[in-house]
Amino acid sequence: MPGPFIPEKVYGIIGHPLAQTLSPLLHNWGFARLGVKGSYLAFPTPPEKLAAFIQAVRTLPVSGLSVTIPHKEAVMPLLDGVSDLARRAGAVNTLAWEDGRLMGHNTDVTGFLAPLLERGQAPETALVLGAGGAAKGVLAGLLDLGVSQIAVANRSLRRAQALAGTFGVRAVAWEDRAQVCAGLVVNATPMGMKGKAEGESPLPEDFWNPAHLAYDLVYNPRDTLFLRQAKAAGAEVVDGLAMFAAQGAAQFKLWTGLTLPMEEAERLLAQALGLREDTRS
Ligand code: NAP
């Protein structure tokens, strides 16, 4: 006799476009690896369909969603509430049900912080390069970590000033970025990314010294010029794949209560991207 019917839980990702996303690979692997009856699908959703999609989620049996560009801010007013961290970061990347309420969370911040927390010692000073969506999460995370002096530099100074004003940190002109003294240096620009920016770094080679900790949000390629030059000068490095895996693992935990095996998860993602795995110090 067949056993009782246990419905499979449905999860997914909304964004536009979604062709490059690694999230279905990560979560479906996690379900299989940990024996969870679940499926994670890609739901390409153009901006004009976002509100209707979220309304549909309230009636369809969707247990949780990842949210990516361009919906991370636009989705916030469509929810029943957002976490304190998501509010401070000004963006939501995860939806989960809590007591019948559709809530927004931000695991990009959790994911960014995970490799820093793993190191044990928080940096006292930080330089953040870039002032886009990712930089906002980075600043929220660094303030949570208790980093006392933070500077943000951006190609367009106005954007750096606006972000610095919101978070109460210092804005620096792009031309002056290499003069900033900071223990942690975060690349939150696409410079170094596969494609036309691959050979670029947001900092000159002679910037680096062994006291620096270089953290690149770019994860394809994994060993960006930014990280290669920092490492060659004796600095410690953290790559963007560690952050990507950690933000996904935090989503998985929110939805299932289970912990993904991180080394295996990073290996899976690196293999999927055809990346080398030797950048972590
Ligand atoms: P975004 O909102 O488009 O912001 C991009 C930022 O980079 C802007 O501040 C922009 O400056 C700056 N920038 C772009 N091209 C530049 C150039 N050639 N020279 C100098 N500055 C430049 O993008 P985002 O969402 O913040 O993402 C930034 C990077 O983080 C991307 O590479 C993304 O893949 C990565 N990321 C990784 C993870 C992860 O899990 N590892 C998560 C999120 C994002 P202007 O303001 O002057 O245009």
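Structure's up top.
Here is what the cut-offs are and how they apply
Position numbers for residues start from 1 in each chain and track the written sequence from start to end. Local features are withheld for residues below a pLDDT of 70 in this predicted model, meaning they are given only at 70 or higher, and side-chain atom pairs are given and counted only at 80 or more; totals for whole chains, interfaces and linings count all residues. To obtain the side-chain values, all non-hydrogen atoms of the structure were included, while hydrogens and water were left out. Strands are runs of DSSP state E lasting at least two residues, helices are runs of H or I lasting at least four, and both sets are numbered from the N terminus onward. Every helix has an expected span of 1.5 Å times one less than the residues it contains. To sort residues, take the accessible area from a 1.4 Å probe on protein chains only and compare it with the maximum for the residue type: under 20% means buried, over 50% means exposed, and anything in between is partly exposed. The criterion used for residue contact is that any of the two residues' heavy atoms lie within 4.5 Å. Pairing between two strands is assigned when DSSP locates at least 2 bridges connecting them. For cavity detection a 1 Å grid was placed over the protein atoms alone, and a set of points counts as a cavity when a 1.4 Å probe fits there but cannot get out; an open set counts as a pocket when protein lies on both sides within 12 Å along at least five of seven lines, with lining residues being those that have an atom within 4 Å of a point. Grid points are joined across faces, edges and corners, and a volume is the space filled by probe spheres set on the points. Note on method: axes are straight lines fitted to C-alpha atoms, helices fitted across the in-contact stretch only, with angles between N-to-C directions ranging 0 to 180 degrees. Being near a molecule or strand, for a residue, means having at least one of its heavy atoms within 4 Å of it. Counted as a polar contact is a pair of N or O atoms within 3.5 Å, where, for protein atoms, one must be capable of donating a hydrogen and the other of accepting one, and residues adjacent in sequence contribute only when both atoms are in side chains. Shrake-Rupley sampling with a 1.4 Å probe provides the accessible areas, and residues are treated as covered by the protein chains on show and by no other component. Amino acid classes used here: Ala, Val, Leu, Ile, Met, Phe, Trp, Tyr, Cys and Pro are nonpolar; Asp, Glu, Lys and Arg are charged; the rest, including Gly, are polar. Salt bridges are defined by distance alone: a side-chain nitrogen of Lys or Arg within 4 Å of a carboxyl oxygen of Asp or Glu.

Take helix α5 (residues 133–145) next. When the terminal C-alpha atoms of α5 are compared, their 19 Å separation across 13 residues agrees well with the 18 Å that a helix rising 1.5 Å per residue should span. Of all the positions in α5, only Ala-135, Lys-136, Gly-137, Val-138, Leu-139, Ala-140, Gly-141, Leu-142 and Leu-145 are classed as buried. Among the structural elements, α3 (84–89), α4 (107–119), β7 (125–129), β8 (149–154), α6 (157–167) and β10 (184–187) are those in contact with the buried residues of α5. Note on α5: the residue one or two positions beyond its end, Gly-146, has a positive phi of about 90°.

Attention shifts here to the sheet that holds strand β2 (residues 38–44). Hydrogen bonds between backbone atoms are what pair the strands of a sheet, whose relative direction is either parallel or antiparallel. Taken in spatial order, the six strands make up an open sheet running β2-β1-β3-β5-β6-β4, and their pairing is mixed. Each of the sheet's edge strands pairs with one partner strand only, and the pair in question is β2 and β4 (81–82). Examined bridge by bridge, strand β1 (residues 9–15) and β2 share seven bridges and lie parallel to one another. Within the sheet, the bridge partner assigned to Val-10 lies in β2 and is Ser-39.

As paired elements, strand β3 (residues 62–67) and strand β5 (residues 94–98) share three bridges and run antiparallel to each other. The residue of β5 that forms the bridge with Ser-66 is Thr-94. Of the strand pairs in this sheet, β5 and strand β6 (residues 101–105) are connected by five bridges, and their pairing is antiparallel. Within the sheet, the bridge partner assigned to Glu-98 lies in β6 and is Arg-101. Here β5 folds back onto β6, and the loop between the two strands holds two residues, one of which, Asp-99, carries a positive phi near 50°.

Scanning all chains against the criterion turns up one cavity of 30 Å³ or more. One number sums up the size of the largest cavity: a volume of about 30 Å³. Lining the largest cavity are Val-57, Val-62, Ser-63, Gly-64, Leu-65, Leu-95, Ala-96, Trp-97 and Leu-102. For the lining of the largest cavity, the element with the most residues is β3, which contributes four residues.

The strand order across the open sheet formed by six strands is β9-β8-β7-β10-β11-β12, and the pairing between neighbours is parallel. Two strands in the sheet have a free side with no partner beyond their single neighbour: β9 (170–173) and β12 (236–238). For this sheet, the mean inter-axis angle between neighbouring strands, taken without regard to orientation, is 20°. Two strands pair when backbone bridges link them, and β7 and β10 are joined in this way by four bridges, in the parallel orientation. Along β10, the bridge assignment pairs Val-128 with Val-186. Together, β10, β11 (213–216) and β12 form the strand contacts of α4, whose direction differs from that of β11 by roughly 155°. Its contacts with the sheet place helix α7 (residues 225–232) against β7, β10, β11 and β12, and it is angled at close to 165° to β11.

A separate point is the site of the ligand. Around the ligand there are 22 residues in total, and Ala-131, Ala-134, Asn-154, Arg-155 and Arg-159 lie nearest to it. Here an oxygen atom of the ligand and a side-chain polar atom of Arg-159 are 2.7 Å apart. Isolated, the ligand exposes 930 Å² of accessible area, and the fraction of that covered by the protein chains is 75%. When contributions to the shell around the ligand are tallied by element, the ones reaching two or more residues are α5 and α8 (240–256). Ranked by the residues each element gives to the shell around the ligand, the list is headed by α8, at three residues. Here the residues of the shell around the ligand are counted per class, giving 13 nonpolar, seven polar and two charged.

Taken as a whole and judged by the stated rule, the model has nine salt bridges. Between Asp-80 and Arg-58 there is a salt bridge, and its shortest N-O distance comes to 3.0 Å. One end of the pair, Asp-80, is in the loop between β3 and β4; the other, Arg-58, is in the loop between α2 (50–57) and β3, and 22 residues separate them in sequence. On the basis of relative accessible area, Asp-80 is assigned to the partly exposed category, the value being 30%. The shortest N-O distance in the salt bridge between Arg-222 and Glu-266 comes to 2.9 Å. With Arg-222 in the loop between β11 and α7 and Glu-266 in helix α9 (residues 262–273), this residue pair connects regions lying 44 residues apart in the sequence.

Purely spatial values, then, with no claim about function.
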